[in-house]
Amino acid sequence: MNRRLFLKNTSLISIGGLLLPSILTSSCRKTQLLEDVNYNGKVLIIGAGAAGLYAAYLLKSKGVDVLVLEASGSHGGRLGTIPGFADFPLDSGAQWLHGRNNILGDLIQQTNTPVTLDDSDLSYWFNNQLVTSLPQNTAIFEGEDLPDISFKDYAIQQGLGAEYQYIVENLAGDQGASAATLSVYWNNKEEENWVSGDDDFKFKETYFDFIDKQIASKVTDIIHYNTPVTAIDYAQDTILVSDLNGGTYQVDKVIITIPITQLKATKIQFSPALPAEKTDAFSKIGMGAGMKVFLKFTTKFYDENIIGGSVCAAYIDESVGKTGNDNLLLAFIMGVQAENLTALGSDSAITTALLQELDVMYTGQATANFIASHVENWTTKPYIEGAYGYSTVGMGDVRKIAASQVNDKLFFAGEAMNINGHHQTVHGAVETGYREVINLLKTVQK
Amino acid sequence: MKYFCLFTVCFIQFGLFSQQIRVGASYSYIYSGQWDKAIQTYNFSRPFLAEQQPLLIHGASISGTYLFPSSRKMQHGIRLSYSYVRSSAENTNLTNILQLHLLSPGYLMHWKIGEKSLYAEASVSLLTSGLFRQVNDEPVSDDDTPVRAFGIGGLIEAEFGYRKLFHARNSIDPFIAVGYAPYFFSGKSEAVLNQTSGLTGRNWTGLLQLKVGVQFSIDML
């Protein structure tokens, strides 16, 4: 090869090298998934909670024909508001944004939605007195080589005495569970994927208002309310969905976003029946009882957070991060404590039980300063019947099976179907909403 | 100033015992299927963001190469390369910037092809990375800990170049290089790119890097 020829070849290679990136970029490296998919089928979403709303919003934004069937009379699922009880906005359901490194953190930033960091102080009801710290470290439920036994059993194994019973109950309650049913191993393993951040944020308004304004408002025209789905026949190419009102819908794909309690209770009849492996996976995902009781007082005699009560393991000053004058204490009750209070049978009995406990902690000040209460019992709420999905002892890696699609027709979303560590959260539910839209459109791309 | 003096002394010391020293700059093209998928998912899932996040594709690299003295046709040496890739999307109230830093120290073999002007090199390197996200010019942090992903893997690279002498011992060498890291582990990259872990794919990726640039060479012996 002579010098001239070599220079010519080198020039061609160099030009080719410079052009190659732009060729590759323009030909196969799209900036978003499924850009080339133009789906003309009809999609039905069952449930207008965070997952269903986001899936509907996303499909609608992509020009897909989509309809949402909601069993209750309102959207939001386990998000809601309590108008008029306090002089500041109240969440009846989910109220904390857990970390900002997630899709809803982006939406909050983009829409300039005001949120405040919730860094309120902790107090513990321990050995019949209020203290600001505990003698023993309770961070034993995180780390390596944890056994697949319950929080309750592990606490005993690790030498936490009976005086820690309700402290541990609060730790399990944070996960929507009882200490006797939450797995140390699986809870820890699933949380290893948690990447959204450890800080908790509260909305100046409510979580519901944020989801309502930024997501639900874009799809309310395609939601049919008071339409509980009773049956899904997916034996043929076209799926036939029936509701309690006698309505039927012929669609091509269905995204099911109802709570895991409803799937476990077979509130929807599938034909053919769902694979046994899948229903078994549903049964292994826990979802315990949960309620929020708002107690209004004339004065703020209580601490910001009181952990470890035997009736309620977590009392929280609801006014933190809010603009208003009312003194509101939230009893955040999960698991066995929520079951016990639900068994009392009435809101007034629940309120009395909580006031009695607070009277012991604050020497009669609760009853003396009590104005009113509002009980939001998620355990008895129709179409919900629980708090949020938790990791049971012996459950195994079943969320992937529970969330897997069936026959390229049925897709499963919702917080309990989150396989990337963000279950139990609103942003986790949203993630499953867009994940299943991607999975659905991929079946069309095939 | 002391660092500059130290660098100069080291440069001269190394130079005295080397066959050749090169410093180069290049355009860098990056391809990672997993990282693409994470950013594509980010864009797909956020229709509220008008401006889409560009993929991590185009960047710049600098490198320093040191060839050991040898009378054989094949020489060997060491190289240190650094690449920087940036992706920025400016939306209302949310300017999202991804920054990827790649550093690869490695060992290389150098052949002269035919006459002295053309050369080929094959190298194996340790490839390390740092992937960072900034929102509105602030590093994204989780409880005061920056959200970032570090990566590690092995890189094999082939380079072809042409030595254009402009002085008896100095040359400007245009080159093209293709590198591939078949297993590049970066466990938290999805957390930076799509704010999830385990939703868009696995925690390792294959990484392809193409470089086109020039190097300035000094023959020492």
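## Things to note about the packing of aromatic side chains
Okay, so step 1: Considering all chains together, one arrives at 19 aromatic pairs over all chains under this definition.
Okay, so step 2: Residues Phe297(A) and Phe301(A) carry aromatic rings whose centres are separated by 4.9 Å and whose planes lie at 80° to one another, so their mutual orientation is edge-to-face.
Okay, so step 3: You can call Phe297(A) buried: its relative accessible area is 1%.
Okay, so step 4: Exposure remark for Phe301(A): the relative accessible area of 11% places this residue in the buried category.
Okay, so step 5: By the ring-pair criterion, three or more aromatic residues cluster together here, those being Phe297(A), Phe301(A), Tyr302(A), Tyr362(A) and Phe370(A).
Okay, so step 6: A cation over a ring is seen here: Lys62(A) above Phe44(B), with NZ or CZ 4.2 Å from the ring centre.

## Some points on the pairing of strand β5 (residues 118–135) of chain B
All names here are of chain B.
Okay, so step 1: Direction of pairing for strand β4 (residues 94–113) relative to β5: antiparallel, over a ladder of 16 bridges. Looking at the pairing, Gln99 lines up with Phe132 of β5.
Okay, so step 2: Pairing of β5 with strand β9 (residues 148–162), which is carried by 15 bridges, proceeds in the antiparallel orientation. Considered in β9, the bridge of Thr128 is made with Ile152.
Okay, so step 3: With two bridges connecting them, β5 and strand β6 (residues 138–139) associate as antiparallel partners. Across the sheet, Val135 pairs through a bridge with Glu138, a residue of β6.
Okay, so step 4: Once β5 ends, the chain turns through two residues before running back antiparallel as β6, passing Asn136 with a positive phi of about 50°.

## A few points about the sheet that holds strand β16 (residues 305–307) of chain A
Residue and element names in this part refer to chain A.
Okay, so step 1: Pairing is mixed across the open sheet formed by seven strands, whose spatial order is β6-β5-β16-β17-β18-β15-β19. Both edges of this open sheet fall to β6 (129–131) and β19 (370–377), since each of them pairs with a single strand only. Between one strand and the next, the sheet's axes are offset by a mean angle of 20°, whatever the strand orientation.
Okay, so step 2: Sheet topology places strand β5 (residues 123–126) next to β16; two bridges connect them, and they run parallel. What sits directly across from Ser123, in β16, is Ile306.

## Some points on the interface of chain B and chain A
Okay, so step 1: Facing the 48 residues of chain B at the interface are 46 residues of chain A.
Okay, so step 2: Between chain B and chain A lies a buried interface of about 4,000 Å² when both sides are counted; carbon and sulfur atoms form 59% of it.
Okay, so step 3: Seen at the junction of chain B and chain A, the total is three salt bridges.
Okay, so step 4: Between Asp106(A) and Arg46(B) there is a salt bridge, with the nearest N and O atoms lying 3.1 Å from each other.
Okay, so step 5: Listed by contribution, the elements that provide at least two residues to the side of chain B that touches chain A are β1 (20–32), α2 (33–45), β5 and β12 (204–219) of chain B.
Okay, so step 6: Among the elements that line the side of chain B that touches chain A, the one with the most residues is α2(B), at nine residues.

## Points about the environment of Leu199(B)
Okay, so step 1: Position of Leu199(B) among the secondary structure elements: in the loop between α3 (189–193) and β12.
Okay, so step 2: Remark: the alpha-carbon pair of Leu199(B) and Ala38(B), spanning 161 residues in sequence, is separated by 8.7 Å.
Okay, so step 3: Apart from the residues lying within four places of it in its own chain, the contact partners of Leu199(B) are Asn420(A), Glu431(A), Tyr434(A), Arg435(A), Thr41(B), Glu190(B) and Asn194(B).

## Some thoughts on the pattern of salt bridges
Okay, so step 1: Counting across every chain of the model gives 23 salt bridges over all chains.
Okay, so step 2: Linking Lys296(A) and Asp326(A) is a salt bridge whose minimum nitrogen-to-oxygen distance equals 3.9 Å. Placement of the pair is Lys296(A) in strand β15 (residues 290–297) and Asp326(A) in the loop between β17 (314–317) and β18 (327–334), with a sequence separation of 30 residues.
Okay, so step 3: The partner of Glu436(A) in a salt bridge is Arg435(A), with the nearest N and O atoms 2.7 Å apart.
Okay, so step 4: For Glu436(A), a relative accessible area of 1% translates into the label buried.
Okay, so step 5: Linked by salt bridges that have partners in common, Arg22(B), Arg79(B), Glu121(B), Glu157(B), Glu159(B) and Lys211(B) make up one network.

## Side note on the packing of helix α14 (residues 426–445) of chain A against α2(B)
Okay, so step 1: Between α14(A) and α2(B), whose axes approach to 10 Å, the crossing angle comes to 105°. With respect to their mutual orientation, α14(A) and α2(B) come out roughly perpendicular. Side by side, α14(A) and α2(B) meet where Tyr434(A), Val437(A), Ile438(A), Leu441(A) and Lys442(A) of the first sit next to Lys37(B), Thr41(B), Phe44(B) and Ser45(B) of the second.

Scoring rules and cut-offs
Chains are numbered independently. Their residues run from 1 in the order of the written sequence. Chains carry letters from A onward and ligands carry numbers from 1 onward, assigned in written order. Restriction of local features to residues with pLDDT of at least 70 applies here, the model being predicted, together with a cutoff of 80 or more for giving and counting side-chain atom pairs; totals for whole chains, interfaces and linings are based on all residues. Each side-chain value is derived from all of the structure's non-hydrogen atoms; neither hydrogens nor water enter the calculation. Working definition: a ring pair exists when centres of Phe, Tyr or Trp rings (six-membered ring for Trp) sit within 6.5 Å. Plane angles under 30 degrees give stacked, over 60 give edge-to-face, the rest tilted. Summary of the burial criterion: residues with accessible area below 20% of their type's maximum are buried, those above 50% are exposed, and those between are partly exposed, where the area comes from a 1.4 Å probe applied to protein chains only. Charge-over-ring contacts are defined here by two conditions on Lys NZ or Arg CZ: a distance within 6 Å of the ring centre and an angle within 35 degrees of the ring normal. In this scheme, strands are said to pair when DSSP sees at least two bridges between them. Here a helix means four or more residues in a row that DSSP labels H or I, a strand means two or more in a row labelled E, and each is numbered from the N terminus. The angle between two axes is taken between their N-to-C directions and runs from 0 to 180 degrees, where each axis is a line fitted to C-alpha atoms and a helix contributes only its stretch in contact. A contact between two residues is defined here by any heavy atoms of the two lying within 4.5 Å. In short, buried area is how much 1.4 Å probe accessible area vanishes from two parts on joining, totalled over both. Only one rule defines a salt bridge in this text: a Lys or Arg side-chain nitrogen within 4 Å of an Asp or Glu carboxyl oxygen. Note on terminology: angles under 35 degrees are roughly parallel, angles over 145 are roughly antiparallel, angles of 65 to 115 are roughly perpendicular, and the others are oblique.

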